[in-house]
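Working through the structure, step by step
What follows is each chain in one-letter form.
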There are 2 protein chains.
Amino acid sequence: MPNNIPYKINLSESELPKFWLNLQAYLPEKLPPMLNPATGQPVEADELRKVFTDAAVEQEMNTTDKYIEIPDEVRNFYRMYRPSPVVRAYNLEKLLDTPAEIYYKFEGTNTSGSHKLNSSVPQVYYAREQGLTSVTTETGAGQWGTALSMATGFFGLDLLVYMVKTSYEQKPHRKDLMETYGAQVIPSPSDTTEVGRRILKDHPGTGGSLGCAISEAVEIALSRENCRYLLGSVMNHVLLHQSVIGLEAKAALDKYNITPDIVIGCLGGGSNFGGLIAPYMAERLQGKNNIQFLGVEPASCPTLTRGRYAYDFGDTGCMTPLIKMYTLGSGFMPSPNHAGGLRYHGMNPIVSKLKHDGYMDVIAYEQTKVFQAAKLFCKSEGNLPAPESNHALCAAIDEAIKCRETGEKKKILFGLTGTGFFDMSAYQSFNNGTMTDYIPTDEDIELGLSSLPKV
Amino acid sequence: MPNNIPYKINLSESELPKFWLNLQAYLPEKLPPMLNPATGQPVEADELRKVFTDAAVEQEMNTTDKYIEIPDEVRNFYRMYRPSPVVRAYNLEKLLDTPAEIYYKFEGTNTSGSHKLNSSVPQVYYAREQGLTSVTTETGAGQWGTALSMATGFFGLDLLVYMVKTSYEQKPHRKDLMETYGAQVIPSPSDTTEVGRRILKDHPGTGGSLGCAISEAVEIALSRENCRYLLGSVMNHVLLHQSVIGLEAKAALDKYNITPDIVIGCLGGGSNFGGLIAPYMAERLQGKNNIQFLGVEPASCPTLTRGRYAYDFGDTGCMTPLIKMYTLGSGFMPSPNHAGGLRYHGMNPIVSKLKHDGYMDVIAYEQTKVFQAAKLFCKSEGNLPAPESNHALCAAIDEAIKCRETGEKKKILFGLTGTGFFDMSAYQSFNNGTMTDYIPTDEDIELGLSSLPKV
């Protein structure tokens with residue numbers, strides 16, 4: 001061990017957080033309210049409760065409580081796989097010959113393979129407490145569906161998953177995994193919903209999108225008794241649950257008096273990034289630190305770097321309330337050549353607000369670049385990360401290389417959100433040179449934005 | 001937390017073992033020597049060094065040193081993923097309503113997904129120290145090849161993997177994973193070796209076997225400069241490296257004054273089982289405990305329950321020295337319906353000797369039974385284990401159910417050797433009811449044993 005800091009900084013189970021941190025309550029300005037698209041007026045909680053669980057609605061709108069208690073049963077599940085380690089990437093530092101210190105918070109050691117389990121467990125727990133018997137959801141790359149199936153398997157609820165058809169066909173084993181936990185999985189768009197049938201009619205042969213799958217899952221939740229729709233990113237209550245990542249990371253680094261100079265995460269719907277930065281950003285918003293926060297998104301779906309801060313639907317079918325967020329327009333169709341997740345047109349409202357108000361930076365990377373970085377990481381650190389995580393680690397490597405040039409001893413913390421076990425076809429295409437990049441043209445972006453509703 | 005014992009008993013990095021335990025040195029009687037099949041005489045170390053690394057040969061034949069130091073560079077790699085946790089399966093206990101305490105040592109949290117990394121790292125380290133530039137190996141289910149590719153990627157050696165053709169075709173992503181780490185992967189039997197061409201001629205259309213793949217890898221190692229053959233199980237030096245599992249498990253349980261009443265592991269080549277039991281068995285051989293040791297093998301490849309303790313070749317091509325072990329005969333062809341590993345005709349010599357001398361018990365399970373157990377485990381403990389590990393956890397569950405009936409508060413420790421992420425087709429066949437069982441007939445067994453060499 002090069003010095004006092006171990007390779008893995010572990011917390012004990014007694015150090016598992018007892019509260020989530022509600023970043024929303026730290027914002028200097030309140031978030032703009034969700035709007036009812038028909039009336040243009042703020043949505044009432046009662047309307048939301050038809051789709052979402054009571055607890056989700058309450059947490060979504062909670063702008064005052066800075067800390068929210070993690071229920072005992074949720075903490076007991078967390079104990080099976082948390083606290084997760086903060087790893088000092090000594091071997092990567094050596095390979096890069098950098099004076100920087102690189103740390104990553106690793107969320108890929110549980111069976112779901114990603115951070116998504118942090119939110120699926122409380123969401124299903126609350127659903128059961130509410131007396132619900134089934135839940136629906138959508139999944140793209142499959143991480144969220146897997147995590148949710150583990151939670152419904154554990155708490156004994158039925159689960160119906162609409163899986164984006166392209167992923168369903170490319171990753172059959174994701175379906176097998178969810179089915180092992182008792183879930184039913186349907187490729188989307190499907191003929192099981194009105195919205196699905198409409199999309200199939202308008203776009204025959206479509207591979208689907210996250211936005212379509214959300215519409216289908218929401219339709220079913222609205223039409224069934226004792227059923228609600230759960231989702232794995234974008235919304236504020238999901239980011240709340242993911243704050244467990246940042247709280248643990250900070251507690252681990254604090255043990256060694258380490259304050260990162262920069263915190264880096266990948267951006268899909270924003271919940272992992274928001275969760276990772278939560279405690280540090282809360283301090284920053286109180287003027288207690290000057291940490292740089294860097295979000296990394298794919299150049300093929302550049303929500304924060306090229307999108308607009310505007311009211312938009314969360315789904316393609318235009319069934320959700322309007323949310324003020326960075327968006328490429330719910331009509332934006334991400335290029336199918338893009339591997340992995342991070343393909344969503346919108347962004348979590350808190351993250352959007354932070355970006356809009358200048359509290360964070362964003363960068364967009366092409367996928368071949370992030371897979372190059374992943375190869376360096378694989379060989380030096382053993383871990384094989386998910387394509388999403390590769391975006392964050394690529395930025396961390398770029399920072400560390402800059403430090404080599406300037407001599408700065410920056411402390412870099414990034415989020416390694418999951419394992420790449422289920423993404424080997426992406427690695428295969430990178431290995432054999434068939435992976436391509438795609439940057440939407442200005443026309444593509446304008447076309448997407450033209451789908452924005454008039455508010 | 002139901003009582004004082006946490007869900008996960010973690011060791012700190014400073015508690016990572018500094019020495020492997022050499023179980024061979026504790027045996028009351030020395031192991032019978034390996035024999036040269038041509039002469040019937042004990043094999044000289046010099047002959048073995050043509051195939052194996054110098055360190056492997058030295059460790060293989062070391063009957064005196066009870067502890068062997070783990071090199072610093074190996075410990076530094078271990079630190080990236082070890083110590084691995086001992087998990088108390090509280091939620092499984094609750095589901096089974098058993099007074100037993102169930103603990104499992106979990107080796108599935110690293111990217112290779114299994115315990116195999118524990119031996120690939122030192123083997124490649126020693127190969128590099130010896131000045132070798134490339135190594136060869138075989139892999140069946142793919143765990144060993146993956147683990148070895150991580151180690152060669154890290155230490156900078158070339159790697160050529162012969163992968164059993166059936167697995168190569170069923171699990172293309174295993175190949176992608178190994179290639180990501182820089183390995184070259186060839187389906188076996190192949191036309192790249194003499195033995196491969198012979199097997200292809202004699203058995204056109206064969207799906208291959210571990211025994212064939214070993215023959216091919218050995219042939220290449222013998223024919224290349226600065227190249228040796230490494231293998232992931234069966235031999236004593238592999239079991240030595242795997243003792244890190246048992247040493248950590250014992251150190252963790254000792255912290256809470258827990259001595260297991262029974263230690264359970266699955267049996268393929270024997271190294272994971274031998275490594276898990278090592279420190280407890282060493283005590284047992286000194287009369288210091290009375291722990292029961294239970295090995296679990298698949299009924300479709302019942303090496304210890306229906307094989308013979310005899311001299312046999314380690315490979316189908318009859319290129320290795322003769323080893324005294326339990327064996328079904330190198331001509332035994334395991335049924336292709338069997339999922340996962342544990343398909344080898346032979347067994348580690350130390351484990352064979354312990355079985356022969358009455359120090360351990362063995363049981364054989366059919367695969368549908370162990371997958372049923374896995375489903376119970378998945379839903380209660382989150383983890384999705386590898387098919388191999390399911391054998392051990394099935395026996396642990398059976399023990400715990402017996403305790404429910406007798407009221408005994410047995411402490412059960414089993415080895416959960418890896419994740420099932422790459423075995424979803426097996427879970428799929430179990431989920432959809434197409435998984436079948438196969439028990440070799442007495443004629444099958446006799447046919448295999450008829451291939452035993454006359455010594």
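Residues numbered from 1 in each chain as written. Chains lettered and ligands numbered in written order. Predicted model: local features only at pLDDT ≥ 70, side-chain atom pairs only at ≥ 80, totals over all residues. Heavy atoms only, no water.

Observations regarding the pattern of salt bridges
Residues and elements named next belong to chain A. Short version of the rule: Think of a salt bridge as a Lys or Arg side-chain nitrogen and an Asp or Glu carboxyl oxygen that are within 4 Å of each other. Under the DSSP-based scheme used, a helix requires at least four consecutive residues in state H or I and a strand at least two consecutive residues in state E, with every element numbered from the N terminus. Relative accessibility thresholds used throughout: buried, under 20% of the residue-type maximum; exposed, over 50%; partly exposed, between the two (1.4 Å probe, protein chains only).
One pass over the structure, following the stated rule, counts 42 salt bridges over all chains. A salt bridge links glutamate 73 to arginine 128; its shortest N-O distance comes to 2.8 Å. Residue glutamate 73 is located in helix H3 (residues 72–78), and its partner arginine 128 is located in helix H5 (residues 117–129); the two are separated by 55 residues in the primary sequence. For glutamate 73, a relative accessible area of 34% corresponds to the partly exposed category. The network of salt bridges with shared partners includes Arg82, Lys105, Glu107 and Glu248.

So, the side chain of Ser215(A)
Residue and element names in this part refer to chain A. Selection rule: We define a polar contact as two N or O atoms separated by no more than 3.5 Å, with the added condition that, inside protein, one atom must be a possible hydrogen donor and the other a possible acceptor, whereas residues neighbouring each other in sequence contribute only through side-chain atom pairs. When checking whether two residues touch, look at their non-hydrogen atoms; a contact exists if any pair is within 4.5 Å.
Note on placement: serine 215 falls in helix H10 (residues 210–223). Relative accessible area serves as the criterion here: at 0%, serine 215 is assigned to the buried category. A distance of 2.7 Å separates polar atoms of two side chains, one belonging to serine 215 and the other to aspartate 315. The residues touching serine 215, leaving out its near neighbours within four places in the chain, are Val195, Asp315, Thr316, Gly317 and Met319.

Observations regarding the nonpolar core
The condition that has to hold: In this text, buried Ala, Val, Leu, Ile, Met, Phe, Trp, Tyr and Cys residues form a nonpolar core when linked through side-chain atoms within 4.5 Å.
Of all hydrophobic cores here, the largest spans 234 residues; its most connected members are Leu23(A), Ile264(A), Phe414(A), Leu23(B), Ile264(B) and Phe414(B). In contact with Ile264(A), other than residues within four places in its own chain, are Leu276(A), Leu294(A), Val296(A), Ala392(A), Ala395(A), Ala396(A), Glu399(A), Ile412(A), Leu413(A), Phe414(A) and Gly415(A).

With respect to the domain arrangement of chain A
Residue and element names in this part refer to chain A. Test applied: An automatic or database domain assignment is the source of the domain bounds shown. The term buried area refers to how much accessible surface (probe radius 1.4 Å) is lost by two components on association, counted for both of them together.
Domain annotation of chain A identifies domain 1 (2–14 + 75–113 + 235–449) and domain 2 (19–68 + 118–229). Of note, the centres of domain 1 and domain 2, computed from C-alpha atoms alone, are 22 Å apart. Between domain 1 and domain 2, the residue contacts involve 55 residues of the former and 53 residues of the latter. Taken over both partners, the interface formed by domain 1 and domain 2 buries close to 4700 Å², and the fraction arising from carbon and sulfur atoms is 68%. On the domain 1 side of the interface with domain 2, the three residues burying the most area are Phe77, Leu240 and Phe422, jointly 15% of the side's total. For the pair domain 1 and domain 2, the number of links is two salt bridges. In this structure, the salt-bridge partner of glutamate 29 is lysine 353, at a minimum N-O distance of 2.7 Å.

Observations regarding the sheet that holds strand S8 (residues 184–188) of chain B
Residues and elements named next belong to chain B. Selection criterion: By the convention used here, strands pair only if DSSP detects at least 2 bridges between them. Structural elements are reduced to axes, namely lines fitted to C-alpha atoms, with helices fitted over the stretch in contact, and the angle between N-to-C directions of any two is expressed from 0 to 180 degrees.
Strand order in the open sheet formed by four strands is S8-S7-S6-S9, with parallel pairing between adjacent strands. With partners counted over all chains shown, the strands left at the sheet margins are S8 and strand S9 (227–229), one partner each. On average, each strand axis in the sheet is inclined to that of its neighbour by 20 degrees, with strand direction left out of account. The strands that helix H6 (residues 143–155) touches are strand S6 (134–139) and strand S7 (158–164); relative to S6, the one it contacts most, it runs at about 160 degrees.

Looking at the relation of the copies chain B and chain A
Put simply, the rule reads: The copies were overlaid by least squares, fitting only the C-alpha atoms of residues that reach a pLDDT of 70 or more in each copy.
Once chain B is rotated about the relating axis by 180 degrees and shifted along it by 0.0 Å, it coincides with chain A to within an RMSD of 0.0 Å. Each copy turns onto its partner about a two-fold axis. Measuring from the rotation axis to each C-alpha of chain B, the shortest distance belongs to Thr109(B), at 2.6 Å. With an isologous cut-off of 70% or more, the 100% of interface residues of chain B that recur at the interface of chain A puts this contact in the isologous class.

What about the sheet that holds strand S5 (residues 101–106) of chain A?
Residue and element names in this part refer to chain A. The strand order S1-S4-S5-S15-S10-S11-S14 describes an open sheet built from seven strands, whose pairing is mixed. Each edge of the open sheet is held by one strand with a lone partner, namely strand S1 (8–9) and strand S14 (361–365). Across five bridges, strand S10 (residues 262–266) lies against strand S11 (residues 292–298) in parallel orientation. Counterpart to glycine 265 in the pairing with S11 is glycine 295. Sheet strands touched by helix H11 (residues 236–255): S1, strand S4 (86–88), S5 and strand S15 (411–416). Its angle to S5, the strand with the most contacts, is close to 140 degrees. Running over the sheet, helix H15 (residues 367–381) touches S4, S5, S14 and S15 and is turned about 95 degrees from S14.

Looking at the packing of helix H17 (residues 424–431) of chain A against helix H8 (residues 172–180) of chain B
Put simply, the test is: Here roughly perpendicular refers to angles of 65 to 115 degrees, roughly parallel to angles under 35, roughly antiparallel to angles over 145, and oblique to all remaining angles. Here is the rule for handedness: rotate from the far helix to the near one, and if that takes an anticlockwise turn smaller than a right angle the crossing is left-handed, while a clockwise turn gives right-handed. Under the scheme applied here, ten amino acids are nonpolar (Ala, Val, Leu, Ile, Met, Phe, Trp, Tyr, Cys and Pro), four are charged (Asp, Glu, Lys and Arg), and all others, including Gly, are polar.
Viewed as axis vectors pointing N to C, H17(A) and H8(B) meet at an angle of 50 degrees, and their least axial separation amounts to 9 Å. Compared by their axis directions, H17(A) and H8(B) come out oblique. The element H17(A) and its partner H8(B) pack so that their crossing is left-handed. Here H17(A) contributes Met424(A), Ser425(A), Tyr427(A), Gln428(A) and Asn431(A) to the contact with H8(B), which in turn contributes His173(B), Lys175(B), Asp176(B), Leu177(B), Glu179(B) and Thr180(B). When grouped by side-chain class, the residues that make up the contact of H17(A) with H8(B) number three nonpolar, five polar and three charged.

Let's talk about the confidence of the model for chain A
Defined as follows: Here pLDDT means the predictor's own confidence in every residue, given as a number from 0 to 100.
Chain-level statistics for chain A give a pLDDT mean of 94 and a share of 98% at 70 or above. Interface confidence in the predicted complex, given as ipTM, is 0.90; pTM for the same model is 0.94.

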